[in-house]
Every structure is written in structure tokens, then in C-alpha cells.
Amino acid sequence: METFDEAYFKKLAHDIMFDVNEEEVKKLQEEFKVLLEQIEVLDEINTEGVEEMIYPFEADTAFLREDVVENVISQEDALANAASVRAGHVHVPKVVK
């Protein structure tokens, strides 16, 4: 099983702009180890001959509904309160690397 050291989690947290302390990093390491162990158990299951599922429910579900377009506003109205607009879109500063 692959292990991930403290530096890995600190870099990951930094990359996604999270502040984590030492205690949180240790907890993340423990939780991730459990997750990897669970994945190993799933990998051991023999799925030969099992048909892939396209939809997770065998029967049709009643809670799905058709999308109906209602209360449409114009692009101009949608962008009216945006702080910055470029090429007809809301412009926001880049937040990921």
C-alpha cells in the first residue's frame, strides 16, 4: 500500500488553498490510510462476468422530472450586478494553479 507523508498533505492543502495544522494533517493521513484499505478490499472482489451498470437503479425512478424552462432572464439582467464582465460572462480572478 502506498503511503503519503505529511509533506504530501501539506502541499495538497496549500494547492487547494486550505490551512491545516499538524493535528489535522495527522488525521487526514489516518483517514486516507483507511480509505486506501477499503479500496484494496474492493479491488479483491471478483467482478468477472458482471455487467456494468449505466444507471444505479434497476427500476425507473419517480423522482426524476423533465426540465422545464421557467422565469428566464436576459443575459443583460443576469450580468447587471456582476463586478466584472468580459465577453458577456462574469469575470472572476483565477483561484487555482
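All values reported here derive from a predicted model rather than from experimental measurement.

Chemist: Go over the packing of aromatic side chains with me, naming the residues and quoting the values.
Modeler: Within this structure, the stated rule accounts for 5 aromatic pairs. Seen in terms of ring centroids, F4 and F9 are 6.5 Å apart; in terms of plane orientation they differ by 70°. Their pairing is edge-to-face. For the pair F4 and F9, a shared accessibility class is recorded, and that class is buried. An angle of 80° between the planes, with centres 5.8 Å apart, marks the rings of F9 and F32 as edge-to-face. One end of the pair, F9, is in helix α1 (residues 6-15); the other, F32, is in helix α2 (residues 22-43), and 23 residues separate them in sequence. One aromatic cluster is present, built from ring pairs that chain together F4, Y8, F9 and F32.

Chemist: Which residues make up the packing of α1 against α2, and what are the values?
Modeler: Their axes nearest at 10 Å, the elements α1 and α2 cross at an angle of 105°. Between α1 and α2, the angle is such that the two are roughly perpendicular. Mapping the contact onto sequence places E6, F9 and K10 in α1 and E22, V25, K26, L28, Q29 and F32 in α2. When its residues are assigned to classes, the contact of α1 with α2 shows 4 nonpolar, 1 polar and 4 charged.

Chemist: So what's going on with α2? Which residues, and what values?
Modeler: For α2, built from 22 residues, the straight-helix expectation of 32 Å at 1.5 Å per residue is met to within 8% by its first-to-last C-alpha distance of 31 Å. Near the N-terminus of α2, the side chain that reaches the backbone nitrogen of E23, with its oxygen 3.1 Å away, is that of N21.

Chemist: Which residues make up a nonpolar patch on the surface, and what values do they have?
Modeler: Nonpolar side chains collect at one region of the surface, where I54, Y55, F57, F63 and L64 lie side by side and expose about 610 Å² of accessible area between them. Within the secondary structure, I54 is located in the loop between α2 and α3 (75-79).

Chemist: Go over unusual backbone geometry with me, naming the residues and quoting the values.
Modeler: In this structure, M17 is a non-glycine residue whose phi angle is positive, near 60°. On the secondary structure map, M17 appears in the loop between α1 and α2. Of note, the phi angle at A87 is positive, near 50°, even though the residue is not glycine. With respect to the helices, strands and loops of the structure, A87 is situated in the loop between β1 (85-86) and β2 (89-90). A relative accessible area of 78% places A87 in the exposed class.

Chemist: An account of the environment of L79 is needed here, citing residue identities and associated values.
Modeler: On the secondary structure map, L79 appears in helix α3. Look past the residues within four positions of L79 in its chain and what remains in contact with it is V85, G88, H89 and V90.

Rules used in this analysis
Residues numbered from 1 in each chain as written. Predicted model: local features only at pLDDT ≥ 70, side-chain atom pairs only at ≥ 80, totals over all residues. Heavy atoms only, no water. Phe/Tyr/Trp six-rings, centres within 6.5 Å; stacked < 30°, edge-to-face > 60°. Buried < 20%, exposed > 50% of the residue type's maximum accessible area, 1.4 Å probe, protein only. Helix = DSSP H or I, 4+ residues; strand = E, 2+ residues; numbered from the N terminus. Axes fitted to C-alpha atoms, helices over the stretch in contact; angles between N-to-C directions. Parallel < 35°, antiparallel > 145°, perpendicular 65-115°, else oblique. Contact = heavy atoms within 4.5 Å. Nonpolar A, V, L, I, M, F, W, Y, C, P; charged D, E, K, R; others polar. Expected span 1.5 Å × (residues − 1). Polar contact = N/O pair within 3.5 Å; in protein donor to acceptor, adjacent residues only side chain to side chain. Patch = residues over 30% accessible without salt bridge, like charges linked within 9 Å, V, L, I, M, F, W, Y side chains within 5 Å. Areas by Shrake-Rupley, 256 points an atom, 1.4 Å probe, with all protein chains shown as cover. Salt bridge = Lys/Arg side-chain N within 4 Å of Asp/Glu carboxyl O.

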